[in-house]
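# Secondary and tertiary structure notes
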Amino acid sequence: MKLMIKDNKQEFDYAGAMEILNLIKEKPNAVIGLATGNTPKGMYDILGDLCKEKQVDFSRVTTLNLDEYLGIESSNSGSCKSYLNKRLYTKVNLKQENIHHLNSNPEDYEKECCRYNNLINDLGGIDLLILGIGHNGHLGFNEPNTPFDSMVHICNLTDKTRTANIWSFGSKDKVPKKGVSMGIKNIMNSKRLMLLANGDSKSQIIYKALKGKVTEEVPASVLQLHNDVVVVLDREAGKILLGI
Ligand SMILES: N[C@@H]1[C@@H](O)[C@H](O)[C@@H](COP(=O)(O)O)O[C@@H]1O
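Here's a quick rundown of the structure. On a predicted model such as this, the values are computed, not experimentally measured, just so you know.

About the criteria used
- Residues numbered from 1 in each chain as written.
- Predicted model: local features only at pLDDT ≥ 70, side-chain atom pairs only at ≥ 80, totals over all residues.
- Heavy atoms only, no water.
- Buried < 20%, exposed > 50% of the residue type's maximum accessible area, 1.4 Å probe, protein only.
- Helix = DSSP H or I, 4+ residues; strand = E, 2+ residues; numbered from the N terminus.
- Pairing = 2+ DSSP bridges.
- Right-handed = clockwise from strand over helix to strand, strands pointing away.
- Contact = heavy atoms within 4.5 Å.
- Axes fitted to C-alpha atoms, helices over the stretch in contact; angles between N-to-C directions.
- Near = heavy atom within 4 Å.
- Polar contact = N/O pair within 3.5 Å; in protein donor to acceptor, adjacent residues only side chain to side chain.
- Areas by Shrake-Rupley, 256 points an atom, 1.4 Å probe, with all protein chains shown as cover.
- 1 Å grid on protein atoms, 1.4 Å probe; cavity = no way out; pocket = protein on both sides within 12 Å on 5 of 7 lines; lining within 4 Å.
- Sits in = over half its atoms within 2 Å of the grid points.
- Nonpolar A, V, L, I, M, F, W, Y, C, P; charged D, E, K, R; others polar.

Attention now goes to the pairing of strand β2 (residues 31–34). The two faces of the sheet receive side chains in turn, since in a regular strand these alternate between them. Of the two faces of β2, the one carrying Val31 and Gly33 and the one carrying Ile32 and Leu34 are both buried. With four bridges joining them, β2 and strand β3 (residues 62–65) adopt parallel strand pairing. Bridge assignment links Gly33 to a residue of β3, and that residue is Leu64. Regarding topology, helix α2 (residues 41–52) serves as the crossover connection from β2 to the parallel β3, and that connection is right-handed. Pairing of β2 with strand β6 (residues 128–131) involves two bridges; the strand directions are parallel. Bridging across to β6, Ile32 finds its partner in Leu128.

Here is the structure:
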């Protein structure tokens, strides 16, 4: 596990963006999995700027999103698709046909999970998957006690997760109760993982996930078993880990 603890938010955002830029330089047709949430916003902004300055070229890159809310139109401003559209797709030169999404309103939920599992396979797997972490240790929408062998699946969102995501929807009653997410096994099958966490409120769960027992009760603890993980933190998120 490679651990980077950055002094401030700007350096944190930049470090994440550099990992992506370096991968694309190494492999211009990389397949990249994308998390949403507050954490990677600044990183996506930097990638937009770098692309404008022609320092990174997304023209052969393929993207897949990690998770999505269910039961809303994809045009809903709270959807993960709308988030990524606003923050990344409209800012970089990704080709439309290389942008893949979980459908937030499929006719058949099970078929949608199968389609996405097959898609990941057909694309040859994920080269780099960007991950955030929930306060309860969730990855994507894999809440505590999700089996480590789970593939793309329908998830019931915990009250805590729904509360943490009010910012996307404006009020709690508008936050969907279900989501669809790559499973823990899809995450672990990705060739490289990048976990991002910033802020004091993530310090405890970061410590528990990276130094605690590997258990389904803390989904992110599974990352200890992956052989190519980059963890990017700011000092606040890393403070218990650093013992400060
Ligand atoms: N489903 C998302 C995850 O994909 C995200 O990584 C995580 C952390 O979110 P944030 O970065 O806002 O703390 O929780 C959300 O519920």
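The next thing to look at is the sheet that holds strand β1 (residues 2–6). Think of a sheet as strands paired side by side through backbone hydrogen bonds, with each pair either parallel or antiparallel. Strand order in the open sheet made by the seven strands is β1-β10-β9-β6-β2-β3-β5, with parallel pairing throughout. Only two strands of the sheet have a single neighbouring strand rather than two, namely β1 and β5 (99–100). In this structure, β1 lies alongside strand β10 (residues 229–234), joined through five bridges in parallel fashion. Pairing of Ile5 across the sheet is with Leu233, part of β10. Lying on the sheet, helix α1 (residues 9–26) is in contact with β1, β2, β6, β9 (192–197) and β10; it crosses β9 at an angle near 165 degrees.

The next subject is the site of the ligand. Lining the immediate surroundings of the ligand are 14 residues, of which Asn38, Thr39, Asp67, His138 and Lys202 lie closest. Residue Asn38 places a main-chain N or O atom 2.8 Å away from an oxygen atom belonging to the ligand. A total of 390 Å² of accessible area belongs to the ligand in isolation, and the protein chains cover 93% of it. Comparing atom positions with the cavity grids shows the ligand to sit within the largest pocket. Among the residues forming the shell around the ligand, the class breakdown is three nonpolar, nine polar and two charged.

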